[in-house]
Amino acid sequence: MYRNRIIVSSLTLAALLGACSDVQLPTPDAAEVTPASRPAAAVQVVARSFALALASPETRGDVRDAMRASPFTEHKLELHAFIATPRGERLLAAAASASGLTRAELEGMIRTLPEMDFYAPFRTHRLNWEGTADVLVAAALTLDGDRAAAYGTDGDEVTLAFGDDEPTRPVLMLHPAERKGLRMRPQANRPGLVIQDFNDGELSGTFVTRNARGEVQEVSLAELASGSNPRYEMAMPCETEYAITECDYNYGGGGGGGGGTTPSPGTTYLDYLNINYKDFGGSELIFTARYYNSAGTQVASDELRVEGLAKGETYHPHLPLIGQRILEGSSEKINVKVEEDDSWFTFGNDQMGNRDFFASDRGQIRSITKSPTDFSVTTNVELDWTPRY
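Structure report, in brief.

## Some remarks on the sheet that holds strand 14 (residues 333-340)
Right, on to step 1. Strand order in this open sheet of 6 strands is 9-8-12-11-14-15, and the pairing throughout is antiparallel. The sheet is open, and its two borders are formed by strand 9 (216-220) and strand 15 (350-357), each paired with just one other strand. For this sheet the average axis-to-axis angle between neighbouring strands, irrespective of direction, equals 15°.
Right, on to step 2. Bridging between strand 14 and strand 15 involves 7 bridges; their strand directions are antiparallel. Opposite Glu340, over in strand 15, you have Asp350 as the bridge partner.

Structure follows, in C-alpha cells:
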C-alpha cells in the first residue's frame, strides 16, 4: 500500500486493540502469553522486549551494524536467521533480561511466529539514524486497519498511523517477511554511522520472462547489475541526469560503452522511473508488459519486479521490461500495468494503473496513473527499445 505511517500520539495498546480483540496485551508478566495460540500478543512482547534492550548503546550499535551489513532490499534482516548470529544472540539475551523473561521463553515466542522481517522501513531513518536511544520498535502480524503499536526504549507504548510524513523518531519494524532480493550495486561492506549510505544501490527485484517454449525464467536484478548475464547487461552509473541520451550503454553481446556493441535480441528497457507514493520507506512494484502486434494480437508477456523504490527519487535503472521491441512506424504496442506488491497486507496489491506505449513513446517520459481522473498516484516511466550502436 502506498500510504505512509507516522507517529500520531501516545496511546495504550488496549485502546488500540481492545475493542476488536481479546488478545492479552504485553505486560511485565509477558511470560504468561501462550504464543502458539496468541501470536498477535507474542509479536508485541517480542517488539517491546527488543525496544527495552535497545536502551543499551552497545545493543543499538549491534542492530544498526547488522542492518547495515544486510544485502537485502531496505537492509532487511530475516528475524529467525538473525537471532542465530552473534549480534542477534546478544540482542536476544539483552531483550530477555530487560523484559524479565528467560532467553528460552523469548526465543520460543519468536520461533512460533511466521518468518519475519526486522528492519528500518523508512528510508530517512536508514540514512540518518546513528544508533541513538530515541528509536521505536513496532510490530504487526497483519495490517488491516490504519494503526500499529510501537514501543520506546523505556517500554512506553505509542502508535503508528497512516499519514503523509515520515515519523520524527526512528522506527524499526517487525512484520511478516516479504519477498526481497539482493540490492544492485550495494554500498561497500565497511563500518559506518548509519544503516544506509547515500550512494547505496537500493533497488532489487527480478525480471521474469518466457522463452520460445513458454518456460518461465527468472533473472535477479543483482545478477543483471553484476554483468554476469550475457543477454541483459546493465548500464553503469552515469553522472548526468539524462542517462538515456547522455550515457553509453552496453546492450550485451560484447564490447563496452557505445561504439562496437551488438544489440541484444528484441528487448524493451525501463530507462527512467519515478513514483509519487510510498509504502513505509520503499515501494515494491510489479510491471506486467504485454506486447501486441499490428493486428492487435498479444504475442508476448513478461514481468519486471522492482523493490526498494523511494518516493520522489529519480532512477535511470536500464532494466529489461519485455523481450520484444516495437518496430518503428508500425502500430505495434506494449501495454504496461503497474501494481504495488502488498504481500503481507490483508487488502492485497494496489492497482496503480496501466498504459499503452506506441512507437512515438520511445525515449519519452510518460505517466501511468491509478485512474484516468486520479493523478495523485502516478508512476512516471520512460521506455527505450532502440539501442545506440
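## So, the packing of aromatic side chains
Right, on to step 1. Within the structure shown, the criterion is met by 2 aromatic pairs.
Right, on to step 2. Here Phe50 and Phe118 contribute two aromatic rings whose centre-to-centre distance is 5.5 Å and whose plane-to-plane angle is 50°, an arrangement assigned as tilted. Of this pair, Phe50 sits in helix 2 (residues 39-53) while Phe118 sits in strand 3 (residues 116-119), and the two are 68 residues apart along the sequence.
Right, on to step 3. An aromatic cluster is defined as three or more aromatic residues linked by ring pairs; in this entry it consists of Phe50, Phe82 and Phe118.
Right, on to step 4. It is Lys333 that lies over the ring of Tyr292; its NZ or CZ is 5.2 Å from the centre.

## Considering the nonpolar core
One broad rule of soluble globular proteins: the nonpolar side chains tend to lie buried together.
Right, on to step 1. Grouped together as the largest cluster of nonpolar side chains are 38 residues, with contacts concentrated most on Val46, Phe50, Phe118, Leu172 and Leu174.
Right, on to step 2. With 8 residues, helix 2 is the largest single contributor of residues to this core.
Right, on to step 3. Each residue touching Val46, except ones within four places of it in the same chain, is listed here: Leu106, Met109, Ile110, Leu113 and Leu174.
Right, on to step 4. One finds Leu273, Leu304, Leu319 and Phe357 within the second-largest nonpolar core, a separate group that totals 36 residues.

## Section: the sheet that holds strand 13 (residues 319-322)
Right, on to step 1. As summarised here, the arrangement of the 4 strands in space is 13-10-17-16, forming an open sheet in which the pairing is antiparallel. Of all strands in the sheet, those with a lone pairing partner are strand 13 and strand 16 (365-371), marking the two edges. Across the sheet, the mean angle from the axis of one strand to that of its neighbour is 45°, orientation sign disregarded.
Right, on to step 2. As defined by bridge partners, strand 10 (residues 268-275) adjoins strand 13 across 3 bridges and the pair is classed as antiparallel. Across the sheet, the residue bridging to Leu270 is Leu319, located in strand 13.

Criteria and cut-off values
Residues numbered from 1 in each chain as written. Predicted model: local features only at pLDDT ≥ 70, side-chain atom pairs only at ≥ 80, totals over all residues. Heavy atoms only, no water. Pairing = 2+ DSSP bridges. Helix = DSSP H or I, 4+ residues; strand = E, 2+ residues; numbered from the N terminus. Axes fitted to C-alpha atoms, helices over the stretch in contact; angles between N-to-C directions. Phe/Tyr/Trp six-rings, centres within 6.5 Å; stacked < 30°, edge-to-face > 60°. Lys NZ or Arg CZ within 6 Å of the ring centre and 35° of its normal. Core = buried A, V, L, I, M, F, W, Y, C linked by side-chain atoms within 4.5 Å. Buried < 20%, exposed > 50% of the residue type's maximum accessible area, 1.4 Å probe, protein only. Contact = heavy atoms within 4.5 Å.

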